[in-house]
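Chains, contacts and geometry: an overview
Residue-level listing of the chains:
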Amino acid sequence: MDGGQPVPSPLVPLGNVSLDSSMSLEQKTTFVFVILLFIFLGILIVRCFRILLDPYRSMPTSTWADGLEGLEKGQFDHALA
């Protein structure tokens, strides 16, 4: 390299250049989409940690047999007829 000066990257805008003039519409759209994906990822991470910390809170309290009226658990033959 020549003298150890840093090579400016085309992906990193310079500090004195405004954001509007340095980015095209496609780059702005991609930037907004990536930000929305990071927000969605953050929401999923928070939800997963909440499930890991308290797994029984997210489970329903009812069982599969609560909706069967007059039938005992395990009697499936006459339930469809």
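Residues numbered from 1 in each chain as written. Predicted model: local features only at pLDDT ≥ 70, side-chain atom pairs only at ≥ 80, totals over all residues. Heavy atoms only, no water.

- Going by the annotation in an unreviewed UniProt entry, the name recorded for the chain is Cortexin-3, with Galeopterus variegatus given as the source organism.
- Per UniProt, the chain carries the Subcellular location (unreviewed entry) text "Membrane". (UniProt positions renumbered as here; feature names shortened; annotations may be inferred.)

What about the overall build of the chain?
- When helices and strands are tallied, the chain shows 2 helices and 0 strands.
- For the chain, the accessible area works out to roughly 8100 Å², and carbon and sulfur atoms hold 66% of it. (Helix = DSSP H or I, 4+ residues; strand = E, 2+ residues; numbered from the N terminus. Areas by Shrake-Rupley, 256 points an atom, 1.4 Å probe, with all protein chains shown as cover.)

Section: the pattern of salt bridges
- Evaluation of the coordinates by the stated rule reveals 1 salt bridge.
- The salt bridge involving Arg-57 is made with Asp-54; its shortest N-O contact spans 3.9 Å.
- Residue classification places Asp-54 among the partly exposed positions, given a relative accessible area of 33%. (Salt bridge = Lys/Arg side-chain N within 4 Å of Asp/Glu carboxyl O. Buried < 20%, exposed > 50% of the residue type's maximum accessible area, 1.4 Å probe, protein only.)

Focus: a nonpolar patch on the surface
- Taken together, the side chains of Phe-33, Val-34, Leu-37, Phe-38, Leu-41, Ile-45, Phe-49 and Leu-52 present a nonpolar region at the surface, about 830 Å² in accessible area.
- Residue position: Phe-49 is located in helix H2 (residues 25-53).
- Using a relative accessible area of 51% as the deciding quantity, one classes Phe-49 as exposed. (Patch = residues over 30% accessible without salt bridge, like charges linked within 9 Å, V, L, I, M, F, W, Y side chains within 5 Å.)

Focus: the UniProt feature "transmembrane region" (unreviewed entry) in the chain
- Mapped onto this structure's residue numbering, the UniProt feature "transmembrane region" (unreviewed entry) falls at residues 31-53.
- Annotated as 100% helix and 0% strand, the span residues 31-53 places its first and last C-alpha atoms 33 Å apart.

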